[in-house]
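The primary structure of each chain is shown beneath.
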Amino acid sequence: MFIALEGVDGSGKTTQAARLAEALGEETLLVREPGGTVAGERIRELLKDGEVRLDPMAELLLFLAARAQLVAEVIRPAMEAGRDVVCDRFSDSSVAYQGSARGLGAERVEELCDLATGGLWPGLTVLLRIHPELAAERMDAQGRTADRFEGEGMELQRRVAEGYEEVASLHPERVRVVDASVDPDRVHLAVMAAVAAVRA
Ligand code: TYD
């Protein structure tokens, strides 16, 4: 099964993706976006560098290039070998960040994601829902430094959160919302329940 974890910066999805992958067993493949391939890691560096100027469409196409490579090189082969795949972000990140928050349009970005991935969408997308303000407080507490997106402030994160809500209401068949404001153990249990519900 192909599962993606989504949420605003500081929602805890990286921790939860790792815990989920561990719980599903050692055959499970855990990947992060952007990255996961040589090309993807280079593109990631470019995207994370706040000094590099990028038009929203250029930004989107870089994310999509990284994803296209990841799908072709890593995700599809793993799925064909029958492995579970857990992805720390996937196409819904582009829809929420570039489509909704950057204003490129959710529908248009969704279509471009479909093109870039050859029509691959997660069987389950777990949306970790948390107020962007609380997520930002957590990141401060962890001493995490801001990158291109985190540095752009609350307004952007709020629009990202709204974008995710739109994705959840448009695709109830594959998106499950989990409250990410509680402690990590409880979030993990809720993530596992969402997986079990889809597998049943
Ligand atoms: P992420 O790996 O979650 O950052 P970190 O390693 O700091 O937790 O993602 C990097 C940033 O890229 C994050 O702010 C979300 C953003 N992003 C997009 O804007 N569009 C996308 O398609 C993806 C995958 C990420």
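Everything that follows concerns the structure shown earlier in this document.
Remember, it's a predicted structure, so these values are computed and weren't measured experimentally.

Basis of the calculations
Residues numbered from 1 in each chain as written. Predicted model: local features only at pLDDT ≥ 70, side-chain atom pairs only at ≥ 80, totals over all residues. Heavy atoms only, no water. Buried < 20%, exposed > 50% of the residue type's maximum accessible area, 1.4 Å probe, protein only. Helix = DSSP H or I, 4+ residues; strand = E, 2+ residues; numbered from the N terminus. Arc of directions from axis to C-beta. Contact = heavy atoms within 4.5 Å. Near = heavy atom within 4 Å. Polar contact = N/O pair within 3.5 Å; in protein donor to acceptor, adjacent residues only side chain to side chain. Areas by Shrake-Rupley, 256 points an atom, 1.4 Å probe, with all protein chains shown as cover. Phe/Tyr/Trp six-rings, centres within 6.5 Å; stacked < 30°, edge-to-face > 60°. Lys NZ or Arg CZ within 6 Å of the ring centre and 35° of its normal. Pairing = 2+ DSSP bridges. Axes fitted to C-alpha atoms, helices over the stretch in contact; angles between N-to-C directions. Salt bridge = Lys/Arg side-chain N within 4 Å of Asp/Glu carboxyl O.

Visitor: How would you summarise helix α2 (residues 38-48) if you had to cite specific residues and measurements?
Guide: Burial in α2 covers these residues: Gly 40, Ile 43, Arg 44 and Leu 47. The buried side chains of α2 occupy one side of the element, clustering within an arc of 110° when seen end-on. Turned more than 90 degrees from where α2 packs its buried face, Val 38, Arg 42 and Glu 45 sit exposed. Residues of α2 that are buried make contact with β2 (29-32) and α3 (56-80).

Visitor: Before we move on, can you summarise the site of the ligand with the specific residues and values?
Guide: The ligand sits among 16 residues. The nearest are Asp 9, Arg 44, Arg 89, Ser 94 and Gln 98. In this structure, an oxygen atom belonging to the ligand sits 2.9 Å away from a side-chain N or O atom of Lys 48. Within the complex, 91% of the 550 Å² of free accessible area of the ligand lies under protein. Among the elements of the structure, α2, α3 and α4 (91-101) are those that each provide at least two residues to the shell around the ligand.

Visitor: Break down the packing of aromatic side chains for me, citing the residues and quoting the values.
Guide: Within the structure shown, the criterion is met by two aromatic pairs. When the centroid spacing of 5.0 Å and the interplanar angle of 85° are considered together, the rings of Phe 2 and Phe 90 count as edge-to-face. Of this pair, Phe 2 sits in strand β1 (residues 2-6) while Phe 90 sits in the loop between β3 (85-88) and α4, placing them 88 residues apart in sequence. Given the relative accessible area of 3%, Phe 2 is considered buried. When its relative accessible area of 1% is taken as the criterion, Phe 90 is described as buried. On the basis of an interplanar angle of 85° and a centroid distance of 6.5 Å, the ring pair of Tyr 97 and Tyr 164 is categorised as edge-to-face. You can see Tyr 97 sitting in helix α4 and its partner Tyr 164 sitting in helix α7 (residues 154-170), a full 67 residues away along the chain. As far as burial versus exposure is concerned, Tyr 97 and Tyr 164 are alike and both buried. Between Arg 67 and the ring centre of Phe 90, over which it is positioned, the NZ or CZ distance is 5.4 Å.

Visitor: Give a detailed account of the sheet that holds β3, specifying residues and quantitative values.
Guide: With parallel pairing, the five strands of this open sheet are ordered in space as β2-β3-β1-β4-β5. Looking at strand neighbours, the two that pair on one side only are β2 and β5 (175-179), the edges of this open sheet. The mean inter-strand angle of the sheet, taken between neighbouring strand axes irrespective of direction, is 20°. Pairing of β1 with strand β4 (residues 124-129) involves four bridges; the strand directions are parallel. Within the sheet, the bridge partner assigned to Ala 4 lies in β4 and is Thr 125.

Visitor: Provide a residue-level description of the pairing of β2, including the pertinent values.
Guide: Burial along β2 is one-sided: the residues Leu 29 and Val 31 are buried and none of Leu 30 and Arg 32 is. For β2 and β3, the ladder comprises four bridges, and the chain directions are parallel. Looking across to β3, one finds that Leu 30 is bridged to Val 86.

Visitor: Any chance you could break down the pattern of salt bridges for me, citing the residues and the numbers?
Guide: Using the criterion set out here, one finds 12 salt bridges in the structure. Here Arg 174 and Asp 92 are joined by a salt bridge, their closest N and O atoms 2.8 Å apart. Placement of the pair is Arg 174 in the loop between α7 and β5 and Asp 92 in helix α4, with a sequence separation of 82 residues. With a relative accessible area of 2%, Asp 92 lands in the buried category.

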